[in-house]
Amino acid sequence: MSFTSRPTLRRRGLAVAATATVLALTLAACGSSKDASGSSTAAKDRGAKASASSSATPGGMDHGSMPGMDHGSMGDGLADAKDGYKLSSGAGELPAGKDSAYRFTITSPDGKPVTGFAVDQTKRMHFYAIRSDLTGFQHVHPAMAADGTWTADLAALRPGTWRMFASFTPDNGPGKGKDFVLSRTVTVPGDAKPTPLPGAATSAEADGYTATVKGDLMAGMTHPMTVAISKDGKPVTDLQPYLETYAHLTAFHEGDGAFAHLHPQTKVNGDKGGPELSFQTMLPKSGNWRLFLQFQTGGKLHTAALTLRVS
């Protein structure tokens, strides 16, 4: 029988401890391997989860998954140029009290007039005229000449300052498929007395019809909203399609006139729509918004306007 000396045992113990330490360090390094940027795999996973979470709106809807809901790219419409696209017009003034024509062009980043536009809700261009106090409103669909000049035929305007909005989607070029809303102001000469904005309400009358809005809205968040149409206290079920929907809803912010298009969710199914219509609503600013609801019955277009308070 042989016996190992104590110094030898001590050296073997130190070697085992050293091996264990190296193994532990190696395992730790594997568990937090870094990429070329120096961020750990675990950190990347956390970042990916945070990014996925932040891509959804606070109201739980991912705008990126819904065509026509990219509010961030559309903006509030208060500028005449965005991402190289520009709304140009030689008209700084329009006459009061009689029909008039507003002519304009949309130019692309290369400075040339745009002539290719995608169809949105059956039209290649939606055009809105709104008085600065939000008490005058027109929604028309202008005609484009071969050279890219658009002509919007407007009914008589009251004196004051009006903002002209052009809503469109280029069908080619760098902005292809992107929604734009650009605007310019014009002056209508005369005694421009401002009209106080009607107070906030949940319903409005138009041609004997009543439009009632339901929904709790908060600025910057997407929320569902319903609009019920009735007449003489009875639900209306004969709404006709208008621009591929049973109702078209546009909103403007009190004070600055910021633009918002509220997108319908109710699918068209024949010529008998109503009485309730669903919208996904995202109004970016708090305060009063003036809503203009357009719907059609018996071949006639009706426009109901109401003020909605957004917290």
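Here is a short report on the structure shown in this document. In this text the structure is predicted, and so the values were computed from the model without any measurement.

**What about the pattern of salt bridges?**
Here is step 1: Counting across every chain of the model gives seven salt bridges.
Here is step 2: Among the ionic pairs, Asp83 bridges to Lys178, the shortest N-O distance being 2.2 Å. Taken as a pair, Asp83 in the loop between strand E1 (81–82) and strand E2 (85–88) and Lys178 in the loop between strand E8 (160–168) and strand E9 (180–188) lie far apart in primary sequence, 95 residues in all.
Here is step 3: Exposure remark for Lys178: the relative accessible area of 26% places this residue in the partly exposed category.
Here is step 4: As a salt-bridge pair, Asp133 and Arg131 come within 2.4 Å of each other at their nearest N and O atoms.
Here is step 5: One salt-bridge network, held together by shared partners, links Asp76, Asp256 and Lys285.

**Focus on the sheet that holds E2**
Here is step 1: With antiparallel pairing, five strands are arranged side by side in an open sheet as E1-E2-E3-E7-E6. On the outer flanks of this sheet lie E1 and strand E6 (143–144), each paired with one strand and no other.
Here is step 2: Alignment of E2 against strand E3 (residues 100–107), held across three bridges, turns out to be antiparallel. Bridge pairing links Ser88 to Thr105 in E3.

**Quick notes on the nonpolar core**
Here is step 1: Membership of the largest hydrophobic core comes to 29 residues, with the highest contact counts inside it found for Met225, Ile229, Leu291 and Leu293.
Here is step 2: Counting only elements with at least two residues in this core, the list comes to strand E10 (203–206), strand E11 (209–214), strand E12 (222–231), strand E14 (248–253), strand E15 (259–264), strand E16 (276–282), strand E17 (287–297) and strand E18 (300–310).
Here is step 3: Ranked by size, the runner-up nonpolar core spans 25 residues in total, among them Ala91, Ala152, Leu154 and Trp162.

**Focus on the pairing of E10**
Here is step 1: Of the two faces of E10, only one is covered, namely that formed by Ala204 and Ala206; the face formed by Ser203 and Glu205 stays uncovered.
Here is step 2: Connecting E10 to the next strand, E11, in antiparallel fashion are two residues, including Asp207 with a positive phi near 55°.

**A few points about the side chain of Ser100**
Here is step 1: Relative to the elements of secondary structure, Ser100 occurs in strand E3.
Here is step 2: Contact partners of Ser100, with chain neighbours within four places excluded, come to Leu94, Pro95, Ala152, Asp153 and Leu154.

**Topic: the environment of Asp110**
Here is step 1: Counting through the fold element by element, Asp110 comes out in the loop between E3 and strand E4 (126–131).
Here is step 2: Separated by 25 residues in sequence, Asp110 and Tyr85 have C-alpha atoms that sit 8.8 Å apart.
Here is step 3: A distance of 2.3 Å separates a polar atom in the side chain of Asp110 from a polar atom in the side chain of Ser108.
Here is step 4: A distance of 2.9 Å separates the side chain of Asp110 from the backbone nitrogen of Lys112, its partner in a polar contact.

**Quick notes on unusual backbone geometry**
Here is step 1: In the segment running from Gly274 into Pro275, the intervening peptide bond is cis, with an omega of 0°.
Here is step 2: Mapping Pro275 onto the fold places it in the loop between E15 and E16.
Here is step 3: Here Leu134, not a glycine, exhibits a phi torsion of approximately 65°, which is positive.
Here is step 4: For Leu134, the position within the fold is in the loop between E4 and strand E5 (137–140).

What counts as what
Residues numbered from 1 in each chain as written. Predicted model: local features only at pLDDT ≥ 70, side-chain atom pairs only at ≥ 80, totals over all residues. Heavy atoms only, no water. Salt bridge = Lys/Arg side-chain N within 4 Å of Asp/Glu carboxyl O. Helix = DSSP H or I, 4+ residues; strand = E, 2+ residues; numbered from the N terminus. Buried < 20%, exposed > 50% of the residue type's maximum accessible area, 1.4 Å probe, protein only. Pairing = 2+ DSSP bridges. Core = buried A, V, L, I, M, F, W, Y, C linked by side-chain atoms within 4.5 Å. Contact = heavy atoms within 4.5 Å. Polar contact = N/O pair within 3.5 Å; in protein donor to acceptor, adjacent residues only side chain to side chain.

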